Amino acid sequence: METSEITVPEGENGQDEATPLDIPSPSTNGRPVRVDPDLEFIRALRRSGGDSLKKCMQCGNCSAACPLSPHVNPFPRKEMAWALWGMKDRLLTDPDIWLCHHCNDCSTNCPRQTRPGDVLGAVRQQCILHYAFPGILAKWVSHPKYLPILLAIPAILLGLAARYREAIGEFLGFSVPMGDRIVYSFAPMFPHWLLNSFFGLFTVLALAAAIIGVWRFSRGLKRSSVWGENPEPVKGVLASLGSVLLKVVNHDRFTTCDTDHSRSISHFFVFFGFIALTVVTIMVITGPFNPLIRGDFVYPFSLWSPWKLLANIGGLAVLAGILLMIWERLYFGHLAGTSSYFDWLLVWSIFLVVASGFATEILHMLRMVPHRHVAYFVHLVFVFGLLVYLPYSKFAHMLYRTTAMVMAERYGREAGKGAES
Amino acid sequence: MSPDHKPILVIGGGIAGMTAAVEAAEVGYPVVLVEKEPSLGGRVVRSHRYFPKMCPPTCGFEINTRRIRGNPNIEVHTMATVEEVSGDVGAFRARIKKNPRYVTGDVSIDDSVVEQLTSDRPNEFNMGLDTTKGLYYPHTAAYPPLHVVDKEALSDGDVAVLTEACPPGALDMDMAEEEFTIDVGAVIVATGWKGYDPGNLPNLGFDRCPDVITNLIMERLAAPNGPTGGKILRPSNGEAPTNVAFVQCAGSRDENHLPYCSAVCCMASLKQARYIREAYPDAKVTVFYIDVRTLGRLEKFYYELVEDENITFVKGKVAEINEDPETHELILEVEDTVAGERPDSRFDMVVLATGIVPNTADSPIPLELDYDDYGFLNGATGVEGVFAAGCATHPCDVSRTTKESTAAALKAIQCLNRG
Ligand SMILES: Cc1cc2nc3c(=O)[nH]c(=O)nc-3n(C[C@H](O)[C@H](O)[C@H](O)COP(=O)(O)OP(=O)(O)OC[C@H]3O[C@@H](n4cnc5c(N)ncnc54)[C@H](O)[C@@H]3O)c2cc1C
Ligand code: HEM
Ligand code: SF4
Ligand code: SF4
Ligand code: SF4
């Protein structure tokens, strides 16, 4: 079947364009909407966790059961209608799919045993794929058959960097060690400056790609029908960002649900563990110049250095959280939701990053050569995968969620708020 | 018509069983009607009025009891159950167990005797909403028109009162459980239904909030012979409700509960909305539904209510009910799916439109019959000579029930006449 772009006419024009096929809007204000089902989109949703979609009878139980849903244009019933009708454009510009925290309160109570929570998960995946730049990387990340390419890229690039480090160093002017404070006891293959430049370059590229994706997404968001006609912001952007970050840090939205409560715990661990690791990584990168590090910058840090402690605690937190997530997905699928490749890819990547990190650390303490170098190499490959593919993987949720939540905060789209009696 | 026909055994004395019995008996075939409760009538006599005509069930019921009483072809056994059925079409043997009523029926008992008793027992006719004494009259329209003794419930004082106050021969406290076997040619299963247990729907708060009731309770509250003498009152404080919600499909059309549509609860709620509007002209009613299923001519009943300004229909399934701890109002979580809003929904009384579960789901007939996944019987039960009618076969209203019962009677008669 041909796929076609959905045109959702807006305002007066929309009404003028009404054709005999027009049917009342599935959610808002009864204005006619042209439905031009994108069948390929429906199929993609059904393949990636939304297979129960077609059973929905539009009863609204899910929107009423959802602890996070606002009272005007609540979700996820309307998203179910849009998904059923293949209204891709509506879904991809919908902030609500990102307000959903996938607790599955709606799914466990759905009278048709449809799983709206999982359908929204599938829509989120499509959303990331849709906005990601360049699209080809998004395609590779979303399909297991491209996994070898994804792994080969960092392996080859890192290999080349190590092999030609002297040439690169000369080119960059780093051929001499960067000062006497630095003692590298660990990986002569990957000197500090090399890793910094290598990861610096690719992080900047990934960041640029992420910004493009999120920028496209936020433009889409503005077109969404959920804001109602002529929405008035109730808060400034910065104030909204502030309160969203506070909510994210507190895991407020996670803890409101009944069905899958342990998710808040696992996410909490992964989230803060990850932040700890990020802080330590920044310390490592800035090590030679960082006034917080006294004396010689010895990398790796000694076991009792506060940074090493923080790294180990953070790593353990991520490990505990991610194992809990994996365990939930394996044994409590009905709560955690269906698990698509996209979901698995993120949790396993994080697991592999921390697991290979700890393996490297232990092998290093045992002074096992070349094992520790091999482990380090593998670790770096996974770190590359996690960071550089962030804009294309489920990891991008942190950007998309934050964006949608800020917008929702700005327009007063709060859980349990909105409709007057 | 030949007098040597074996009788038709009808199991269940609700409207389905009574109809099948009189239809067969009135064309000359003998019928044995077995009912487990102390009186006939099943669920229909428990309702206040019945749709679509909104007449009290007692008038139709009285016509049926008159037809039964006057017909020598019908043998009625109440407080009785069928324990075993063996044999084949045309030659079944059924073992019937009859629990003692302790009331002989030979001498009538004056109500003043009942008043002197002290111990109470839950009144199953009123869904346990009130109590009766250990000697009681099942309900005002009871047939057979006899008192019953619940021996377990009697206190020692009550026993003394009974021996003293009852006329001699009225009671037989030594009456024993009775068992007998009869030969029958065909069997009609008309064991009916019960309401879906609202305890299985914890989200809807039946066990948490006193003012959340079921549609079955509503029928009893509205009925003049019910626990409140026909006054619809909030159970929590005995006050008149001013703002009532009906929650449709409470357990029905739900894969986690009853996947099927219970067919009558939309009409039942519309009917009950009328009870409220008639009793309290200022009261407001809101019906929360997935679809209003009023098939065929019943649609008219719905359109009449749509005209009523005080009745609102909201398309949306209620997900949760909680009580406001301060005001004791009931707060409903629901999306108005047409408006795309979750309105602030507060009521002082909520009626759960619970659905229909066949009695055969947990107490099957002692025969190898073909039940569906939910315990309903097909009209043809998979055993030759055994038929089913009424809510034992699927959720349905009285008019449908009586038609099926007549059909079942005809099929049973055909069995009796075959070779
Ligand atoms: C809230 C509500 C309101 C309703 N209002 C209306 C209305 O207004 N109008 C309308 O047309 N319909 C109405 N109905 C539907 C109506 O109640 C049914 O159509 C009717 O009760 C079906 O009759 P029945 O004889 O099949 O079952 P029942 O009425 O359940 O009768 C079955 C009888 O069998 C007996 N029995 C069960 N098991 C055994 C056993 N093992 N041995 C012996 N006896 C047994 C039972 O005690 C009972 O007396 C309503 C339903 C509901 C839920
Ligand atoms: C910045 C704001 C963030 C928000 C609002 C957020 C929110 C969420 C939510 C709601 C989910 C569940 C969604 C689903 O599984 O479909 C989730 C999953 C996840 N998040 Fe975050 N997150 C944020 C940042 C992070 C960060 C920084 C990490 C660090 C590693 C992280 C790691 C994960 C992981 C691993 C999962 C997958 C859980 C699983 O598969 O069971 N998140 N996040
Ligand atoms: S997903 Fe389920 S609960 Fe939600 S509208 Fe559809 S059928 Fe109803
Ligand atoms: S999964 Fe949870 S948050 Fe998401 S729509 Fe369902 S109930 Fe709401
Ligand atoms: S009759 Fe109405 S209330 Fe009853 S199950 Fe069917 S749709 Fe629901």
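Quick caveat, the model's predicted, so the values are computed rather than measured.

Draft legend 1. Fine view of the coordination of the iron atom of ligand 2. Residue and element names in this part refer to chain A. The coordination sphere of the iron atom of ligand 2 contains the protein donors His267 (NE2) and His397 (NE2), at a distance range of 1.9 to 2.0 Å. Between the 6 donor atoms coordinating the iron atom of ligand 2, the angles at the centre fall across 88 to 179°, so the site counts as octahedral. Separated by 130 residues along the polypeptide, His267 in helix α14 (residues 262–286) and His397 in helix α19 (residues 397–410) bring together distant segments of the chain. Judged by relative accessible area, which is 18%, His397 ranks as buried.

Draft legend 2. Highlighting the interface of chain B and chain A. Listed per partner, the contact involves 21 residues of chain B and 26 residues of chain A. Between chain B and chain A, a total of about 1,800 Å² is buried, with carbon and sulfur atoms accounting for 44% of that surface. Three residues, Glu255(B), Glu335(B) and Arg342(B), lead the burial of chain B against chain A; their summed loss comes to 35% of the area buried on that side. If you look at where chain B meets chain A, you find 2 salt bridges. The partner of Arg112(A) in a salt bridge is Glu255(B), with the nearest N and O atoms 3.1 Å apart. Where chain B packs against chain A, one counts 15 residue pairs in polar contact (both at pLDDT 80 or more). Tallied by class, residues from the side of chain B that touches chain A come to 7 nonpolar, 5 polar and 9 charged.

Draft legend 3. Here's a closer look at helix α10 (residues 147–163) of chain A. Residues and elements named next belong to chain A. Between its first and last C-alpha, α10 extends 24 Å over 17 residues, near the 24 Å set by a 1.5 Å rise per residue. Listed as buried for α10 are Leu150, Pro154, Leu158, Ala161 and Ala162. Seen end-on, α10 carries its buried residues on one side only, within an arc spanning 105°. The exposed residues of α10 that point more than 90 degrees off its buried face are Pro148, Ile156 and Arg163. Tucked into the core, α10 has its buried residues touching α9 (135–142), α11 (165–172), α12 (192–222) and α18 (371–388).

Draft legend 4. View of the domain arrangement of chain B. All names here are of chain B. The domain boundaries assigned to chain B delineate domain 1 (8–99 + 177–194 + 357–418), domain 2 (111–165) and domain 3 (197–354). Distance from the C-alpha centre of domain 2 to the C-alpha centre of domain 3: 33 Å. In terms of surface lost to domain 3, no three residues of domain 2 exceed Asn126, Met127 and Leu129, which account for 66% of the buried area on that side. The tally of links from domain 2 across to domain 3 stands at 0 salt bridges. At the junction of domain 2 and domain 3, the tally comes to 2 residue pairs in polar contact (both at pLDDT 80 or more). Here the residues of the side of domain 2 that touches domain 3 sort into 3 nonpolar, 3 polar and 1 charged.

Draft legend 5. Structural view of the site of ligand 1. Residues and elements named next belong to chain B. Taken together, 34 residues lie near ligand 1, and Glu35, Phe51, Lys271, Cys396 and Val398 sit nearest. For ligand 1, an oxygen atom lies 2.9 Å from a polar atom in the backbone of Ala16. Asp397 is positioned such that a nitrogen or oxygen atom in its backbone is 3.5 Å from an oxygen atom of ligand 1. Protein chains shield 95% of the accessible area of ligand 1, which is 1,000 Å² for the free molecule. Residue assignment for the shell around ligand 1 shows that the elements contributing at least two residues are α1 (15–26), α5 (215–222), α6 (265–279) and α8 (398–417). A class-by-class count of the residues in the shell around ligand 1 yields 16 nonpolar, 10 polar and 8 charged.

Draft legend 6. Layout of the environment of Val22(B). Residues and elements named next belong to chain B. Position of Val22 among the secondary structure elements: in helix α1. As for Val22 and Arg69, which are separated by 47 residues in sequence, their C-alpha atoms are 9.9 Å apart. Excluding residues that lie within four positions of it along the chain, Val22 makes contacts with Asn64, Arg67, Ile68 and Ile74.

Draft legend 7. Representation of the side chain of Asn61(A) in the model. By secondary structure assignment, the location of Asn61(A) is in helix α3 (residues 61–65). Once you skip the residues sitting within four places of it in the chain, Asn61(A) turns out to touch Asn109(A), Cys110(A), Pro111(A), Lys317(B), Val318(B) and Ala319(B).

Draft legend 8. Main features of the side chain of Glu79(A). All names here are of chain A. Among the structural elements, Glu79 can be located in helix α4 (residues 77–84). On the basis of relative accessible area, Glu79 is assigned to the buried category, the value being 1%. A polar atom in the side chain of Glu79 sits 2.9 Å from the side chain of Lys78.

Draft legend 9. How the structure looks around the sheet that holds strand β4 (residues 80–88) of chain B. Residue and element names in this part refer to chain B. Read across the sheet, 3 strands follow the order β4-β5-β10 without closing on themselves; strand pairing throughout is antiparallel. If you trace the sheet from one side to the other, it starts and ends with β4 and β10 (178–184), each paired once. If you compare each strand with its neighbour and ignore which way they point, the axes differ by 20° on average. With 8 bridges connecting them, β4 and strand β5 (residues 91–98) associate as antiparallel partners. Looking at β5, one finds that Ala80 is bridged to Lys98.

Draft legend 10. The pattern of salt bridges, seen in detail. Counted according to the given criterion, the structure contains 38 salt bridges over all chains. Close ionic contact of Asp291(B) with Lys315(B) constitutes a salt bridge, the shortest N to O distance being 3.4 Å. Of the two residues, Asp291(B) is situated in the loop between β15 (284–289) and α7 (299–306) and Lys315(B) in strand β16 (residues 311–315); the sequence distance between them amounts to 24 residues. Between Arg418(B) and Glu384(B) there is a salt bridge; the shortest N-O distance is 2.6 Å. With Arg418(B) in the segment after α8 and Glu384(B) in the loop between β21 (356–358) and β22 (386–388), the pair connects residues that are 34 residues apart, well separated along the chain. For Arg418(B), a relative accessible area of 46% gives the class partly exposed. Because the salt bridges share partners, they merge into one network encompassing Lys78(A), Glu79(A), Asp96(A) and Arg413(A).

Draft legend 11. Fine view of the nonpolar core. Of all hydrophobic cores here, the largest spans 86 residues; its most connected members are Trp98(A), Cys127(A), Phe190(A), Phe217(A), Tyr389(A), Tyr392(A) and Tyr400(A). With near-sequence residues (within four places) excluded, Cys127(A) lies in contact with Leu92(A), Ile97(A), Trp98(A), Phe217(A) and Tyr400(A). Core analysis: the next-biggest nonpolar cluster, separate from the first, contains 57 residues, Val247(B), Ile276(B), Leu332(B) and Ile356(B) among them.

Draft legend 12. Layout of the domain arrangement of chain A. All names here are of chain A. In terms of domain boundaries, chain A breaks down into domain 1 (24–131) and domain 2 (135–410). Placing the centre of domain 1 and that of domain 2 at their C-alpha centroids yields a distance of 29 Å. Of the residues lining the interface, 35 residues belong to domain 1; the matching set on domain 2 comes to 40 residues. Taken together, both faces of the contact between domain 1 and domain 2 bury some 3,100 Å²; the carbon and sulfur share is 58%. Interface area lost by domain 1 to domain 2 is led by Trp98, His101 and Tyr131, which between them contribute 23%.

Draft legend 13. Summary view of α6(B). With 15 residues, α6(B) should cover 21 Å at 1.5 Å per step; its first-to-last C-alpha distance of 21 Å lies within 8% of that length. Extensive coverage of α6(B) is indicated by the burial of 13 of its 15 residues.

Draft legend 14. Examining the pairing of β5(B) more closely. All names here are of chain B. Here β4 folds back onto β5, and the loop between the two strands holds 2 residues, one of which, Gly90, carries a positive phi near 85°. In this structure, β5 lies alongside β10, joined through 7 bridges in antiparallel fashion. Bridged to Arg95 within β10 is Thr181.

Draft legend 15. Local environment of a nonpolar patch on the surface. Taken together, the side chains of Leu303(A), Trp304(A), Leu309(A), Ile313(A), Ile362(A), Met365(A), Leu366(A) and Met368(A) present a nonpolar region at the surface, about 800 Å² in accessible area. Those elements that provide at least two residues to the nonpolar patch are α15 (306–331) and α17 (341–365) of chain A.

Draft legend 16. Focus on the pairing of strand β18 (residues 330–333) of chain B. Residue and element names in this part refer to chain B. Pairing geometry for strand β17 (residues 320–323) and β18, over 4 bridges, is antiparallel. Among the inter-strand pairings, Asn322 is bridged to a residue of β18, identified as Ile331. Relative to strand β19 (residues 345–347), β18 runs antiparallel, the two sharing 3 bridges. When the sheet's bridge partners are listed, Leu330 is paired in β19 with Phe347.

Draft legend 17. Structural context of the site of ligand 4. Residue and element names in this part refer to chain A. The immediate surroundings of ligand 4 are formed by 14 residues, with Cys66, Cys100, Cys103, Asn104 and Cys106 found nearest. Mapped by element, the contributors of at least two residues to the shell around ligand 4 are α7 (105–109) and α8 (116–131). The residue makeup of the shell around ligand 4, split by class, is 9 nonpolar, 4 polar and 1 charged.

What counts, and at which threshold
- Residue positions within a chain follow its written sequence, with the count starting from 1.
- Each chain is given a letter, starting from A, and each ligand a number, starting from 1, according to the order in which they appear as written.
- This being a predicted model, a pLDDT of at least 70 is required before a residue's local features are given, and a value of 80 or more before pairs of side-chain atoms are given or counted; all residues contribute to the totals for chains, interfaces and linings.
- Think of the side-chain values as coming from all heavy atoms in the structure, minus any hydrogens and water.
- Excluding water, the donors of a metal are its N, O and S neighbours within 2.8 Å, or within 3.2 Å for Na, K and Ca, and that exclusion means sites may look incomplete.
- For a four-donor site, all angles between 85 and 135 degrees give tetrahedral; for four or six donors, opposite pairs above 155 degrees with the remaining angles between 65 and 115 give square planar or octahedral; all remaining cases count as irregular.
- Elements are defined by DSSP. Helices are runs of H or I of four residues or more, strands are runs of E of two residues or more, and each kind is numbered from the N terminus.
- Only protein chains enter the accessibility calculation, which uses a 1.4 Å probe; a residue is then buried when its area is under 20% of its type maximum, exposed when over 50%, and partly exposed in between.
- Two residues qualify as a contact provided that any one of their heavy atoms is within 4.5 Å of a heavy atom in the partner residue.
- When two parts are brought into contact, each loses some accessible area as probed by a 1.4 Å sphere; the total of that loss over both is the buried area.
- Whenever Lys or Arg places a side-chain nitrogen within 4 Å of a carboxyl oxygen from Asp or Glu, that contact is recorded as a salt bridge.
- Contacts described as polar in this section are N or O atom pairs within 3.5 Å, which, within protein, must combine one atom able to donate a hydrogen with one able to accept it, while residues neighboring in sequence count only if both atoms come from side chains.
- Residue classes follow a fixed rule: Ala, Val, Leu, Ile, Met, Phe, Trp, Tyr, Cys and Pro count as nonpolar, while Asp, Glu, Lys and Arg count as charged, and any other residue, Gly among them, counts as polar.
- A helix's residues, less one, multiplied by 1.5 Å, set its expected span.
- Comment: arc refers to directions from the helix axis out to C-beta atoms.
- Domain extents, as shown, originate in an automatic or database domain assignment.
- Definition of nearness: a residue and a molecule or strand are near each other if at least one heavy atom of the residue lies within 4 Å of the molecule or strand.
- In these tables, accessible area is a Shrake-Rupley quantity obtained with a 1.4 Å probe, and a residue counts as shielded only by the protein chains included in the view.
- A pair of strands is treated as paired once DSSP finds two or more bridges between them.
- Helix axes use the C-alpha atoms of the stretch in contact, all axes being lines fitted to C-alpha atoms, and the angles between their N-to-C directions lie in the range 0 to 180 degrees.
- Only buried Ala, Val, Leu, Ile, Met, Phe, Trp, Tyr and Cys residues count toward a nonpolar core, and they belong to the same one when joined by side-chain atoms within 4.5 Å.
- Nonpolar side chains (Val, Leu, Ile, Met, Phe, Trp, Tyr) within 5 Å and like charges within 9 Å form the patches, drawn only from residues with over 30% relative accessible area and no salt bridge.

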